[in-house]
Amino acid sequence: MKIVIPGGTGQVGAILKRALDAAGHEVVILTRRPEREGELQWDGRTLGPWTEAVDGSDVVINLAGCTVSCRYTAANLQEMMDSRVDSTRVVGAAIAGAAHPPRVWLQMSTATVYAHRFDAPNDEATGLIGGAEPRVPRYWRYSVEIAKAWENAQQQAETPATRKVALRSAMVMSPDRGGVFAVLRGLARLGLGGPVAGGAQYVSWIHEHDFVRAVEFLIDREDIVGPVNLAAPHPLPQRAFMRALRSACGVPVGLPATKWMAEVGAFALRSDTELLLKSRRVVPGRLAQAGFEFQYAQWQQAADELVRRVHKRGRRSSSAPR
């Protein structure tokens, strides 16, 4: 198959390209700064020569959008909104104008669309969309508005010949440098991987192999349209999540952090506490109903495998000739 991935130079794009290349597919990456074979230039806002790659392709997987690992200032939140909505609209326009449009358009979304809650999990049918929770920071509600606008941009695209799926993804865990797992593992190894603000908030996640398998599953399942949660079936409280990661790393103790300590740490890392404090209790209702089986359903199993691969990679690097 020919698969076009707008915004495919980030961590998730690298995961998908690696797997899709290995499976023998032709992968075209749309990026603002093409550097490698198979990459085409686009600006994420306007139509251009890149649309020729979409016309005649089998699948489009749009991952475009600026990083959420930043301070949630008004300017950064607006950039998050614009980069996601603009890129989705222009991808929709390219598909609508194609003589031979792709049969499926997978659009990245986010599990952040669901409400901050502890009482019950969120699936696609019964989950609570966020934005109306009491006693949460106002900008958390804007994050939900970004997610809703992102999905609406895909829904509103006039692409009758192309099936549309919105990927409400949890954090994708891989051993790649610079990814979220690398950050969490680094905290655990430093002894800082304890409960944050009590640690009751839920963490949703998905192993990279299951993410790729879920994407391939959704490409093949012609009967699935609309939002789909890409998250392992067993989210767990942050204190238990980090305890499992410390176990995988062989670190027995993790220092706890209060809410204000988390604020200081997030500021130092030029990130935001929403990523640490919002309770994302998300489960894969539609995937489970469709018969998808996770290879890594439990976090301890996933964490152990990811840490083993990090160590294996480190041993290869240290033994390489210099």
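Up top you'll find the structure we're talking about.
Residues numbered from 1 in each chain as written. Predicted model: local features only at pLDDT ≥ 70, side-chain atom pairs only at ≥ 80, totals over all residues. Heavy atoms only, no water.

What to know about the nonpolar core
As a reminder, the rule being used: Definition of nonpolar core: a set of buried residues of the types Ala, Val, Leu, Ile, Met, Phe, Trp, Tyr and Cys, connected through side-chain atoms within 4.5 Å. Using a 1.4 Å probe on the protein chains alone, a residue whose accessible area is under 20% of its type maximum counts as buried, one over 50% counts as exposed, and one in between counts as partly exposed. Starting at the N terminus, helices and strands are each numbered in turn, a helix being any DSSP run of H or I of at least four residues and a strand any DSSP run of E of at least two. For this analysis, residues touch if any pair of their heavy atoms sits within 4.5 Å.
With 34 residues, the main nonpolar core has Leu16, Ile61, Leu218 and Leu230 as its most contacted residues. Within the residue set of this core, elements represented by two or more residues are strand E1 (2-6), helix H1 (11-22), strand E2 (26-31), strand E4 (59-62), strand E5 (104-108), strand E6 (163-169), helix H6 (208-220) and strand E10 (226-230). No other element matches H6, which puts 7 residues into this core. For leucine 218, the contacting residues outside a window of four places in its chain are Leu106, Arg163, Val165, Leu167, Ile224, Val228, Leu230 and Leu287. Counting 22 residues, the second-largest nonpolar core is a separate cluster that includes Met173, Ala232, Met242 and Ala248.

Let's talk about the side chain of serine 174
Note the threshold: Nitrogen and oxygen atoms within 3.5 Å of one another constitute a polar contact, given that in protein one can donate a hydrogen and the other can accept it, and given that sequence-neighbouring residues count only through two side-chain atoms.
Turning to its location among the elements, serine 174 is positioned in the loop between strand E7 (171-173) and helix H5 (180-189). Of the polar contacts made by the side chain of serine 174, one reaches the side chain of aspartate 176; its length is 2.8 Å. Not counting residues within four places of it along the chain, the set of residues in contact with serine 174 comprises Gln11, Ile15, Phe181, Glu208 and Leu306.

With respect to the packing of H1 against H6
Definition in use: Fitting a line to C-alpha atoms yields each axis, with helices limited to the stretch in contact; the angle taken between N-to-C directions then spans 0 to 180 degrees. What sets the label is the angle itself: under 35 degrees gives roughly parallel, over 145 gives roughly antiparallel, 65 to 115 gives roughly perpendicular, and the rest give oblique. Helix crossings fall into two classes, left-handed where the near helix is turned counterclockwise from the far one by less than a right angle and right-handed where it is turned clockwise. Side-chain classes follow a simple rule in which Ala, Val, Leu, Ile, Met, Phe, Trp, Tyr, Cys and Pro form the nonpolar group, Asp, Glu, Lys and Arg form the charged group, and the remainder, Gly included, forms the polar group.
Interaxial distance between H1 and H6 falls to 10 Å at its minimum, and their mutual angle equals 70°. Regarding the angle of H1 to H6, the classification is roughly perpendicular. The way H1 lies across H6 gives a crossing that is right-handed. Between H1 and H6, the contacting residues are Val12, Ile15, Leu16, Arg18, Ala19 and Leu20 on the first element and Glu208, Phe211, Val212, Val215 and Glu216 on the second. Considered class by class, the residues forming the contact of H1 with H6 number 8 nonpolar, no polar and 3 charged.

Points about the pairing of E5
Applied cut-off: Strands pair, by our definition, only if DSSP identifies at least two bridges between them. Looking down the strands as they point away from you, a crossover is right-handed if its path from the first strand over the helix to the second goes clockwise.
Of all the 5 residues making up E5, 5 are buried; the element is thus mostly covered by neighbouring parts of the structure. Along E5, one buried face is formed by Val104, Leu106 and Met108 and the opposite face, lined by Trp105 and Gln107, is buried too. Pairing of E4 with E5 involves 4 bridges; the strand directions are parallel. Residue pairing across strands places valine 59 opposite valine 104, the latter belonging to E5. For E5 and E6, the ladder comprises 5 bridges, and the chain directions are parallel. Paired with valine 104 across the two strands is arginine 163, which belongs to E6. On the question of chirality, the crossover connecting E5 to the parallel E6 by way of helix H4 (residues 138-155) is right-handed.

Re the packing of aromatic side chains
So the rule is basically this: In this analysis, rings of Phe, Tyr and Trp, with Trp reduced to its six-membered ring, are considered paired at centre separations within 6.5 Å, and the interplanar angle assigns stacked below 30 degrees, edge-to-face beyond 60, and tilted for intermediate values.
Under the definition given, this model contains 6 aromatic pairs. An angle of 70° between the planes, with centres 5.4 Å apart, marks the rings of phenylalanine 217 and phenylalanine 292 as edge-to-face. Remark: phenylalanine 292 occurs in the loop between helix H10 (285-289) and helix H11 (299-319) and phenylalanine 217 occurs in helix H6; sequence separation between them is 75 residues. For the pair phenylalanine 217 and phenylalanine 292, a shared accessibility class is recorded, and that class is buried. An aromatic cluster is defined as three or more aromatic residues linked by ring pairs; in this entry it consists of Phe181, Trp205, Phe241 and Trp299.

A few points about the sheet that holds E2
Here 7 strands make up an open sheet; going across it, the order is E3-E2-E1-E4-E5-E6-E10 and the pairing parallel. Strands with a single pairing partner mark the edges of an open sheet, and in this sheet they are strand E3 (39-41) and E10. Within the sheet, the average angular offset between the axes of one strand and its neighbour, ignoring direction, is 20°. The pairing of E1 with E4 spans 2 bridges and is classified as parallel. Its bridge partner lying in E4, isoleucine 3 is registered against valine 59. Packing against the sheet, H1 makes contact with E1, E2, E4 and E5, and its axis sits at approximately 160° to E2.

Some remarks on the packing of H5 against helix H7 (residues 238-249)
Packing of H5 against H7 leaves a shortest axis separation of 9 Å and a crossing angle of 75°. Judged by the angle between their axes, H5 and H7 are roughly perpendicular. Facing Phe181, Leu184, Arg185, Ala188 and Arg189 of H5, the residues of H7 in contact are Phe241, Met242, Leu245, Arg246 and Cys249.

Focus: H1
Operational definition: Helix span, as expected, comes to 1.5 Å for every residue beyond the first. Taking the helix axis as origin, the arc is that swept by the directions to the C-beta atoms.
Here H1 spans 17 Å end to end across 12 residues, near enough to the 16 Å set by a 1.5 Å rise per residue. All of the buried residues in H1 are Val12, Gly13, Ile15, Leu16 and Leu20. Along H1, the residues classed as buried sweep out an arc of 160° about the axis, all on the same side. In this structure, the buried residues of H1 make contact with E1, E2, E4, E5, E7 and H6. One or two positions beyond H1, positive phi appears at glycine 24, with a value near 90°.

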